[in-house]
Amino acid sequence: MKTKIKMLAASLCAALAVFQPAECAAQITIVPQPREVYLNPGTVSISANPKIYIDTKAKITNDYISAQFGEMGITPVFVKKAQQADMAITLNAKEVSHNEGYILTVSDKATPAISAVARTRSGAIYAIETIRQLLKKTDGNYTAAVCTISDWPEFGFRSFMLDESRHFHGKKMVKRMLNEMVRLKMNTFHWHLVDDPGWRIEIKGYPKLTEEGSLSDFSHWFPGKEEWQKIYPGRERSYYTQNEIKEIVEYAAERGIRIIPEIEVPAHCTAATRVYPELQTKRDDGKDEGYALYNVISPEYEKFIHTVLDQVCKLFPSKIVHIGGDEASYARWENNSAIKAFMKEHGLHTYADMQLYAINELAGYLEKKGVKIIGWNEITGDNVHNEANREENSAVQLKPGTLVQFWDGSTEFAKKAIAKGYQVVNSNRLYTYLDYDYNSIPVDHAYSFNPYFDGLTGEQKAKVLGFGCQMWGERTPTAQRIYFQTFPRIGAYAECGWTPDRLKNYADFVRRVTPIEQLWKQKGFFVGQPSFSMGKTEEPK
């Protein structure tokens, strides 16, 4: 009951949260901005060896807690009762209504001094991250402002995408990015493992995908094994084994992050068709011209894609698989009589219909496994890029329940999909593409992003699952380049996904993100990019 009263008090003061006096507001530097903050006079102090209680129902290991607080120089002492603790994290579904929400109380008159209650494990993990940002080191101890924070996200889908097909970076890089995602309360890692330049995931039964298909990237297009080893002499491999995938999935899950893998269909498939040419659509004239495109009506393709998806579904428990679906050039289908005959037999009027037919087949196959598909917004069948002589779908509609990730074209296409009942993730490239330079997407522009499309009704807004920010890999041959492009913009995106637009304030964000920038600098993430706290910028070496 006391917690409920505190939550009510926090709600009454929510409108004042952003407008605390400067000397008080300066004590709260949390990104993303919490939903409701009620700040009281005073601070509490804990030692560098605080007693911590973690509700066993949260299934958060002591090792995880030790690692998270260890980054700050804190070594927890674990106790078995909340009453014995300086800091306590508990689960109580009756007191917190939102699945990812939590209520945090810092009191100079109670034991424990810092207590958080959450509905789920995810909420407990986010409470821990808020505590980590709230604590300030002072004379060997750690202080926190006396306050009550009631917090939950605006969107349930808060994604960072890393493209490792175009340049491979390995699990150390992935884990570093996952660490920063949980700091910022982002819950979805979109892993782009397959594209034209390289295949990065082991698939049993198709060994050449990785033995040969991984020996390429955007900077070095299939140079051959001997030359590849000269280019990357110290690299053990340029793909992930299934055991490594399991390790990373477990690492992400410990941080409350699901991983959505992307397996491209029907285009962006050169890495596969080059090593297994039977998967390629052959032109009737015998010419090997046009972008790679799977022969989606062949038995070889069906066996291949089912094998890939079967293994992917076992490796990734997120129950969502991204199937790409973007930028398919239909030239090979247009010059293949078997494809044309299949279209005529099945009443498919356009090549967009053919693509939708193939995607719907996969959606139906995965639906039997309890798995949804998501794809870039070309999967709706619309002429997203306004290409001349490209006909939209007319005979086939995208299977209901398929998720649409909007990235390009008019936002009217996204609103059209919502009107038809589809759920949409907003990844508008003009706001969310991390590969774009800082002149195209400066940090304030990134921060201005609102995942809700203009003009939606309340019911339609519920169809907007959230957002994704994308680190495409064409120009990221090094880890330093990824850091340069990603930080600090990822902090802005995290706030766009967590904090309601009405509570966002860019000047206040700059104030709150500055201490995190200092931490990112210590970690080597700042290599000359625009910064709020580090002076002039330069291109990374």
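Look a little higher up for the structure.
Okay, so let's go over this structure. Because the structure is a prediction, the values reported are computed rather than measured. (Residues numbered from 1 in each chain as written. Predicted model: local features only at pLDDT ≥ 70, side-chain atom pairs only at ≥ 80, totals over all residues. Heavy atoms only, no water.)

### Describing the packing of aromatic side chains
Selection rule: Only rings of Phe, Tyr and Trp enter the pairing, Trp through its six-membered ring, and a pair is recorded when the two centres are within 6.5 Å. The plane angle decides the type: under 30 degrees is stacked, over 60 is edge-to-face, the rest tilted. Segments assigned H or I by DSSP are reported as helices when at least four residues long, segments assigned E as strands when at least two residues long, and all are numbered from the N terminus. Burial classes follow relative accessibility: with a 1.4 Å probe on protein chains only, a residue under 20% of its type's maximum area counts as buried, one over 50% as exposed, and anything between as partly exposed. Placement of a charge over a ring requires the Lys NZ or Arg CZ to be within 6 Å of the ring centre, with the centre-to-atom vector within 35 degrees of the ring normal.
Applying the stated criterion across every chain yields a total of 33 aromatic pairs. The interplanar angle of 45° and the centroid separation of 5.7 Å between the aromatic rings of Trp376 and Trp472 together place this pair among those described as tilted. Highlighted residues: Trp376 in strand β13 (residues 372–376) and Trp472 in the loop between β16 (464–471) and α18 (479–486), separated in sequence by 96 residues. Per residue, the accessibility class of Trp376 equals that of Trp472, and both read buried. Measuring from centroid to centroid gives 5.5 Å for Tyr433 and Tyr436, while their planes differ by 70°, and the two rings are edge-to-face. A residue is classified by how much of its surface remains accessible, and Tyr436, at 21% relative accessible area, is partly exposed. Three or more aromatic residues joined by ring pairs make a cluster, and in this case those are Phe160, Phe168, Phe189, Trp191, Tyr240 and Phe316. Over the ring of Tyr276 we find Lys208, and its NZ or CZ is 4.9 Å from the ring centre. The ring of Tyr438 has Arg489 lying over it, and the distance from NZ or CZ to the ring centre is 4.0 Å.

### Some words on the side chain of Gln355
Keep this limit in mind: Throughout, a residue-residue contact means that at least one pair of heavy atoms, one from each residue, lies within 4.5 Å.
One can find Gln355 in helix α13 (residues 351–367). Setting aside residues no more than four positions away along its own chain, Gln355 makes contact with Pro266, Gly325, Ala328, Tyr330 and Trp333.

### Concerning the pattern of salt bridges
To keep things clear, this is the line we draw: Whenever a carboxyl oxygen of Asp or Glu lies within 4 Å of a side-chain nitrogen of Lys or Arg, that contact is scored as a salt bridge.
All told, the structure shown has 31 salt bridges when counted by the stated rule. With a closest N to O distance of 2.9 Å, Glu236 and Arg237 form a salt bridge. With a relative accessible area of 22%, Arg237 lands in the partly exposed category. With a closest N to O distance of 2.9 Å, Asp310 and Lys369 form a salt bridge. Residue Asp310 is found in helix α10 (residues 299–315), and its partner Lys369 is found in the loop between α13 and β13; the two are separated by 59 residues along the sequence. A network of salt bridges, in which partner residues are shared, links Glu71, Glu129, Arg132, Glu180, Arg183 and Lys523.

Coordinates in, geometry out; function isn't part of it.
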